[in-house]
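The primary structure of each chain is shown beneath.
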Amino acid sequence: MSSMPLQRGISGGVRVSDSADDLRDSQMKDKTDLIRGRSTTDSSSLTLRFPFAFLFTNNTQSPSKTGDNGSDPRSRHRLVLLFLKISLVLIVVLALAGSFWWTLSISASPRGGHVYHNYRRLQEQLVSDLLDIGEISIGPSRWKELEYCDVEAENYVPCFNVSESLEMGYTNGDENDRFCGSGSKQECLVLPPVDYKVPLRWPTGKDVIWFRNVKITADEVLTSGSINKRMMMMDDDQISFRSASPMFDEVEDYSHQIAQMIGIKNDNFIEAGVRTILDIGCGYGSFGAHLLSKQLLTMCIANYEASGSQVQLTLERGLPAMIASFVSKQLPYPSLSFDMLHCSTCGIDWDQKDGLLLVEVDRVLKPGGYFVWTSPLTNARNKEDLKRWNFVHDFAESICWTLLSQQDKTVVWKKTIKTKCYSARKPGVGPSVCSKGHDVESPYYRPLQMCLGGTRSRRWIPIEGRTRWPSRSNMNKTELSLYGLHQEVVGEDAENWKVNVREYWSLLSPLIFSDHPKRPGDEDPSPPYNMLRNVLDMNAQYGGLNSALLEAKKSVWVMNVVPTAGPNHLPMILDRGFVGVLHDWCEAFPSYPRTYDLVHADNLLTLQTSKLRSSCSFMQIFTEIDRLLRPEGWVIIRDTAQLVEAARALTTQLKWEARVIEVESSSEQRLLVCQKPITKRQSI
């Protein structure tokens, strides 16, 4: 759905709904209704508690003014009414008994067990939804604020619990994988550490972070092994990643070495068709931070780590990252997603599982893309290491990778650009091409498959044949046709987002939460271009918000999330040169607490309510937003007026500041702008 620009008043102001006045009006109305309708309320209460109470109430009334009290016709009339009441009760009892018998018969039959459990699930969800509706109708004054989580939850990530996975029998690395069960949902608010400080603004925050904001020990800083990790230095209450340090020169030299091995002149990766890189086990993001100067966008992925997390520190620096594992499941990215995959002492044994992990690398790598691997194993000397290296070397050749170069501990392969290579292999050499039924373009944590995916895709285009960045972000008519989209639709969406971003940026001010809310005017300082860095778009659609923010020269990167409940435009978003992921918002997002400055949701609530089998409530989604949001971070929700009002009621429980703003030319749409306050745990 195309987003509409916000409404301005005659003086340029935005129409803002005052939640405090609404609350007082609602409370006064409730009191008036209570005084006027006390007897009605009592009667309704009895009816709600016992639906058949009207059948047994005392029917004593004052005599009729026109009839004879106690006459025979009156007695016959009462007998008829009594007979009808008794008949109605018998019908209800028989109906309930029949329903109970049917339920028992369905649950007892093997074929009906599945139906019965689905019936129970829908029944429980209906009760939950009715309770939510009932609570919302009561009004904000009756909502209770959520409790705070225990201190152990400061860095808790649902769905990643190694100890529970081990208890369930997962070993050999599988315990690090993602398992989302019913116990993965939290119903409390995660507090920041005692000495938490708001991160420094970009670009200073890229090189300096607050030590107490992340969970890492001094020993973990001092004993970091790889080049990327050794760039960290402790400085009082800060961790520094100094660009002027000698270690930075090592990263510069390393980047230059990779360019030379590929055959790129002047380190111009963009001209070679490279824009997006998946950095596996990224250290603390220094390789990706360096590549930013070359207009390359690097997504860091690593296992969940309880302390010294690569992903947490990378995000704290304002660099793209998420928790993901090369263990037993496919990554939540489409086939043919990245121009380069990089692994520098990333801790993955590529020779294990008969090469299954390399098959997943091949799936997400674009045709003509590069796999860069730096490991002591590439310079193997002993017999065992040589055997392992030879396996990786031979397996890479069997899946049509070409070894471009090998220097020191670094090896660079190039994926084939010709699908005919697979059919030209000798029989029995390498894994087969996936069948049409197994070649799912955008799998969502499916088990790893020993077959080569993406070969049937219309997106099988060599990286050298794609439009160069930044023109790549604005696709032409021919490129959009690959995704079944029309240029007029995407173009209109892009124009709307340009207007929306201008309006959004002007609203990111505490002025809208004042007693007399207003749009910041010329006399008020405008929010700086670097006010935000990490942005999470919960329903990215075509990636329009990402594109508009970059065009407006805002210093942000956007995690474009495509919900599993809606249409999948993630392949297009990634092909535009952005980063993103497929996700079900009824599950926890694979990131640490306090990692985003802005969370944006455009029509996500409408999408979730239209989902036929939604397994979560709005409150569970909003609690997850609160976990991901940094203190003093912002939330912008655009949706229908009814759903926005329901969402505003939830913000009371979350302790957010919130305002509802009307949207121009749409009486059905509203904008909810919220800010999360800093609430610190008291030191003991």
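Above this note sits the structure.
Just so we're clear, the structure is a prediction, and the values are computed from it rather than from any experiment. The residue numbers shown here count from 1 along each chain, following its written sequence. Residues qualify for local features only when their pLDDT is at least 70, as the model is predicted, and side-chain atom pairs are given and counted only at 80 or more; totals for whole chains, interfaces and linings, by contrast, use all residues. Values reported for side chains reflect all heavy atoms of the structure, with hydrogen atoms and water molecules removed beforehand.

Visitor: Explain the pairing of strand β9 (residues 365-374) to me, and be specific about the residues and the numbers.
Guide: When accessible area is computed with a 1.4 Å probe and restricted to protein chains, residues below 20% of their type maximum are described as buried, those above 50% as exposed, and intermediate ones as partly exposed. Runs of E in the DSSP output that reach at least two residues are strands. Runs of H or I that reach at least four are helices, and both are numbered from the N terminus. Of all 10 residues in β9, 10 are buried; the element is thus mostly enclosed. At least two bridges found by DSSP between two strands are what make those strands a pair. Here strand β8 (residues 338-344) pairs with β9 via six bridges, running parallel. Of the residues in β9, the one forming a bridge with Phe338 is Leu365. Assessed by its sense of winding, the connection that carries the chain from β8 through helix α12 (residues 356-364) to β9 is right-handed. With five bridges joining them, β9 and strand β11 (residues 410-415) adopt antiparallel strand pairing. Counted as the bridge partner of Tyr370 is Lys414 from β11. Look down the strands so they point away from you; if going from the first strand over the helix to the second traces a clockwise path, that crossover is right-handed.

Visitor: So what about the sheet that holds strand β4 (residues 238-241)? Which residues, and what values?
Guide: Taken together, three strands build an open sheet; the order of strands is β2-β4-β3 and the sheet is antiparallel. Since the sheet does not close on itself, it has two edges, and those belong to β2 (208-210) and β3 (232-235), each with one partner. On average, adjacent strands in this sheet sit at an angle of 25° to one another, irrespective of strand direction. Think of each axis as a best-fit line through the C-alpha atoms, taken over the contacting stretch in the case of a helix, with angles from 0 to 180 degrees between the N-to-C directions.

Visitor: Give a detailed account of the packing of aromatic side chains, specifying residues and quantitative values.
Guide: Stacked, edge-to-face and tilted are the three classes for Phe, Tyr and Trp ring pairs, Trp counted by its six-membered ring, which pair at centre distances within 6.5 Å; planes under 30 degrees apart are stacked, over 60 edge-to-face, the rest tilted. Counted under the stated rule, the structure contains 21 aromatic pairs. Ring geometry for Trp401 and Trp413: centres 6.1 Å apart, planes at 50°, overall tilted. Taken together, the residues Trp401 in strand β10 (residues 401-407) and Trp413 in strand β11 connect sequence positions 12 residues apart. Look at Trp585 and Phe589: their rings are 5.5 Å apart centre to centre, the planes differ by 15°, and that puts the pair in the stacked class. Cation placement over rings: the criterion is NZ of Lys or CZ of Arg within 6 Å of the ring centroid and within 35° of the ring normal. Its end group placed over the ring of Phe241, Arg317 keeps NZ or CZ at 3.9 Å from the ring centre. The lysine or arginine in question, Arg533, covers the ring of Trp202, its NZ or CZ lying 3.5 Å from the ring centre.

Visitor: Talk me through the side chain of Thr410; I want residue IDs and the actual numbers.
Guide: Within the secondary structure layout, Thr410 lies in strand β11. Any two residues having at least one pair of non-hydrogen atoms within 4.5 Å are treated as being in contact. Other than its neighbours up to four places away in sequence, Thr410 contacts Tyr254, Gln257, Met261, Val372, Trp373, Thr374, Thr378 and Ser405.

Visitor: Describe in detail the state of the cysteines, supporting the description with residues and values.
Guide: The disulfide criterion is simple: two cysteine sulfur atoms within 2.5 Å. In total, this model carries seven disulfides according to the counting rule given. A sulfur-sulfur distance of 2.0 Å marks the disulfide that ties Cys434 to Cys451. Because the torsion about its S-S bond is 85°, the bridge between Cys434 and Cys451 counts as right-handed. Here Cys451 lies in the loop between α14 (420-423) and α15 (477-481) and Cys434 lies in the loop between α14 and α15, a separation of 17 residues in the sequence. Take Cys434 and Cys451: they sit in the same class, and that class is buried.

That's the geometry; what it means functionally is another story.
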